[in-house]
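Listed below are the residues making up each chain.
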Amino acid sequence: MDKLLQVSGSPHVHGNESVKKIMWSVVIALLPALAVSVYYFGLPVLILTLVSIATCMLTEYLIQRFMLKGNVSITDGSAVITGLLLAFNVPSNLPVWILMIGAFVAIAIAKMPFGGLGKNPFNPALVGRVFLLISFPVQMTTWPKPTPVWSFGAADVITGPTPLGILKEGVKNGQAVSDLTSELPTYVDMLLGQMGGSFGEVSAIAILIGAVFLLIRKVITWEIPVSFLLTAFLFSGIFYLVDPTTYANPCFHLVTGGMMLGACFMATDMVTSPTSRGGMLVFGAGCGLLTIIIRLFGAYPEGVSFSILIMNALVPLINKGFKPRTYAK
Amino acid sequence: MSKLNILTKGFFKENPVLVLVLGTCPTLAVTTSVKNALGMGLATTFVLLMSNAIISLLKNVIPDKVRIPSFIVIIATFVSMIDLLIQGFLPSLASSLGIFIPLIVVNCIVLGRAEAFASKNTVGDSILDGIGMGIGFTIALTIIGSVREILGSGSFLDYKFIQGDGILVFVLAPGAFIVFGFTVALVRYLQSKKKAS
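Just so you know, these numbers come straight off a predicted model, no measurement behind them. (Residues numbered from 1 in each chain as written. Chains lettered and ligands numbered in written order. Predicted model: local features only at pLDDT ≥ 70, side-chain atom pairs only at ≥ 80, totals over all residues. Heavy atoms only, no water.)

Topic: the domain arrangement of chain A
Residue and element names in this part refer to chain A.
Working step 1: Annotation of chain A at the domain level lists domain 1 (19–140) and domain 2 (163–321).
Working step 2: In this structure, domain 1 and domain 2 have C-alpha centres spaced 21 Å apart.
Working step 3: Contact with domain 1, which involves 35 residues of that partner, is made by 33 residues of domain 2.
Working step 4: Applying the counting criterion to the domain 1 and domain 2 interface returns zero salt bridges.
Working step 5: The tally of links between domain 1 and domain 2 comes to seven residue pairs in polar contact (both at pLDDT 80 or more).
Working step 6: Elements with a contribution of two residues or more to the side of domain 1 that touches domain 2: helix H1 (19–41), helix H2 (43–67), helix H3 (78–88) and helix H5 (124–135).
Working step 7: Tallying contributions element by element places H1 first for the side of domain 1 that touches domain 2, with 12 residues. (Domains from an automatic or database assignment. Contact = heavy atoms within 4.5 Å. Salt bridge = Lys/Arg side-chain N within 4 Å of Asp/Glu carboxyl O. Polar contact = N/O pair within 3.5 Å; in protein donor to acceptor, adjacent residues only side chain to side chain. Helix = DSSP H or I, 4+ residues; strand = E, 2+ residues; numbered from the N terminus.)

Right, here's the structure in full:
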């Protein structure tokens, strides 16, 4: 495991890993979170996920086949992951056509113009998500409340704010965090996913199960998720210790919003993260720090996607600073 | 180079924004609608035409060491004129373009043409160059402005053809960069095709 990130001189043993295998492992790792979302938000989740994946694959196919007139590589699964992650980052009652715009943007603006898989500096799914968030602020922030599939309410869909939204509004109106606890879901609910939010991010436990699977398969390494979450925890912890009435408990920050999904699945994207161990630690720490800064002081209640994109932009610089040591030097 | 060539090279072949990539700041900032883009383009064309003419007239009088400050003074004169004219006759355009009208003074295209063309060529050629580059700037701004207004607000020249908002990001700064990038890419692509054939 220690040697995982080091590249030594030849000869090399040929592993049986391939782009395809890695990508499909990520898809499998995302399935528990998908299952939880279907349980809480119902059929729309499946429809949105399938539409998002289909749009991503179709866009990539059309560009590769008709604009580049080259090989078509949509079966490598990278477009599937982009589609899945993008869908995971939207509310479950988002109109389908808006999600299709986002999926198109993810592939046709964030991925293919840079040269396709392996050359995109920004995580395509996050670019699609932020594009939608800025373009359709109303639809992207109307969160349906989770209702387990067998409970039938009077209304079709009840919407409500996310825990982070409740916190931001409450603190802005001068309420203390402790007064807001009655409005916030309990920690058990937040761990399981019984809270408002983008449908793939709600359940911390399901995401962690997927992340552990990826760690065992060695698709991702521990550096980025751990430094991301630890930095976020410590930094929000400092504020909590200074003034617990305006700043929430650090544990709250870890289980709400896109923190888990971002740290385990989006920041760890191989293409858009640094290559060396030191670089990964710095990258994760930067993501965690920026997320908490945006959450506490920014205009938006949630900052995971923005912070990962900002750190994506810094990756070439980080790679420059953390070059692997040349042999015999 | 023929007279016609001097005039038309700025339209497409040496378009100041899309090929020379000069003057990107006003391009990104004012192209939120076609009206703003046209207003900015025409104002800059006027400044380019006048400053090119005057600088080429004075090119033998201006000492080489102080030529840049002298150019700026001449350009600033015409920018002040167009600024006051727009404020007087088109107050709504003046309020939507705001600071970017006075900022034509530091537009790279105007100074670039003064330095690269007007200070070395005859008055007639410089006037043609100024008009051509100005029209090229206006064309580029109008293309980018149209795309951004159609996608971002769902309207063209303030005529709305959808209800509600468009894809808001296109009227904001990120949309400007996206549309600008794709327009430059398209022009490069067309030029490479033309060269190949």
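Section: the interface of chain B and chain A
Working step 1: Each partner contributes to the interface: chain B provides eight residues, whereas chain A provides nine residues.
Working step 2: Across the interface of chain B and chain A, roughly 650 Å² is buried in total on both sides, 86% from carbon and sulfur atoms.
Working step 3: In this assembly, chain B and chain A are joined by zero salt bridges.
Working step 4: Considered class by class, the residues forming the side of chain B that touches chain A number seven nonpolar, one polar and no charged. (Buried area = accessible area lost by both parts, 1.4 Å probe. Nonpolar A, V, L, I, M, F, W, Y, C, P; charged D, E, K, R; others polar.)

Side note on the confidence of the model for chain A
Working step 1: Taken residue by residue, chain A gives an average pLDDT of 84. The fraction at 70 or more is 92%.
Working step 2: Model confidence for chain A, summarised as mean pLDDT per element, is weakest for helix H8 (residues 177–180) of chain A at 72 and strongest for helix H4 (residues 96–108) of chain A at 92. (pLDDT = per-residue confidence, 0-100.)

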